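Fold and contact review
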Amino acid sequence: MTFLAGTQCADGGFPLNFGEATCASDVDSTAMVVQALRATGDAVNAREGTSWLVTKQHANGGFGVGTNAPNSNSTGLAAEALAGHRPAAAVKAREFLRSLQTGCTGAEADRGAIAYDATGLNPATAPRATAQAILGLARVPLSDLHGGGRPQASVLACP
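Residues numbered from 1 in each chain as written. Predicted model: local features only at pLDDT ≥ 70, side-chain atom pairs only at ≥ 80, totals over all residues. Heavy atoms only, no water.

1. Considering the overall build of the protein chain
- Broken down by element type, the protein chain carries six helices and zero strands.
- Along the protein chain, from the amino end to the carboxyl end, the secondary structure elements read α-α-α-α-α-α.
- The C-alpha atoms of the protein chain give a radius of gyration of 16 Å, which matches the 15 Å a tight globule of 159 residues would have.
- Long-range pairs, those at least 24 residues apart, make up 52% of the contacts in the protein chain between residues at least 6 apart in sequence.
- Here the protein chain displays about 8500 Å² of accessible surface, and carbon together with sulfur accounts for 56% of that area.
- If the 11 positive side-chain charges of the protein chain are averaged to one point and the 12 negative ones to another, these points end up 8 Å apart. (Helix = DSSP H or I, 4+ residues; strand = E, 2+ residues; numbered from the N terminus. Rg over C-alpha atoms; globule rule 2.2 N^0.38 Å. Contact = heavy atoms within 4.5 Å. Areas by Shrake-Rupley, 256 points an atom, 1.4 Å probe, with all protein chains shown as cover. Lys, Arg positive; Asp, Glu negative; His and termini not counted. Charge placed at Lys NZ, Arg CZ, Asp CG, Glu CD.)

Shown next as structure tokens:
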């Protein structure tokens, strides 16, 4: 973890690419590194990364890559990193993710899937978008996930 902590940018976030001339913080990388640091007891660097992450949250609760519009992939990772540490920001992120989820009015095969962004469900991006969004909707950081499932998880019940 010493290596990861040493890659932290001056603004508190963490880069996607190591060893660059200019350290450029990235939402996805910061979300993952913050969770790894917390899991290994580095609360100080994790807190700094979390603080940076919150500054990147859009008004609608989503997170994007760089200046791009919010997407479910980045938001899912960020919401997972925020779980238990920044409750208000985590709730806003989960609300954004739910806004992209296909509900009962969608095609039966698509119900529960999560679109990459506000443009709608795309079969080419939905598998990854859904997988990363679920991490944020679970409200549990990576270090606390286990194979036992989550019996209290909500179920999409369509008439």
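So much for the structure itself; the text now carries on.
2. Here we look at the nonpolar core
- In terms of nonpolar packing, the biggest core is built from 20 residues, with Val27, Leu37, Leu53, Phe63 and Leu82 touching the most fellow members.
- Those elements giving two or more residues to this core turn out to be α1 (2–6), α2 (27–39), α3 (43–55), α4 (72–82) and α5 (87–99).
- Every residue in contact with Leu37, bar those within four places of it in the chain, is listed here: Met1, Ala5, Phe14, Asp42, Asn45 and Ala46.
- By size, the runner-up hydrophobic cluster in this structure holds seven residues, among which are Phe96, Leu97, Ile114 and Ala133. (Core = buried A, V, L, I, M, F, W, Y, C linked by side-chain atoms within 4.5 Å. Buried < 20%, exposed > 50% of the residue type's maximum accessible area, 1.4 Å probe, protein only.)

3. A few points about α5
- Helix length check: α5 (13 residues) gives 18 Å between terminal C-alpha atoms against 18 Å at 1.5 Å per residue, within 8%.
- Considered for burial, the residues of α5 that qualify are Ala89, Ala90, Ala93, Arg94, Phe96 and Leu97. In an axial view of α5, the angular spread of the buried residues amounts to 155°, which keeps them on one side of the axis. With respect to the buried face of α5, the exposed residues turned more than 90 degrees away are Pro87, Ala88 and Ser99.
- Looking at the buried residues of α5, the elements they touch are α3, α4 and α6 (126–137). (Expected span 1.5 Å × (residues − 1). Arc of directions from axis to C-beta.)

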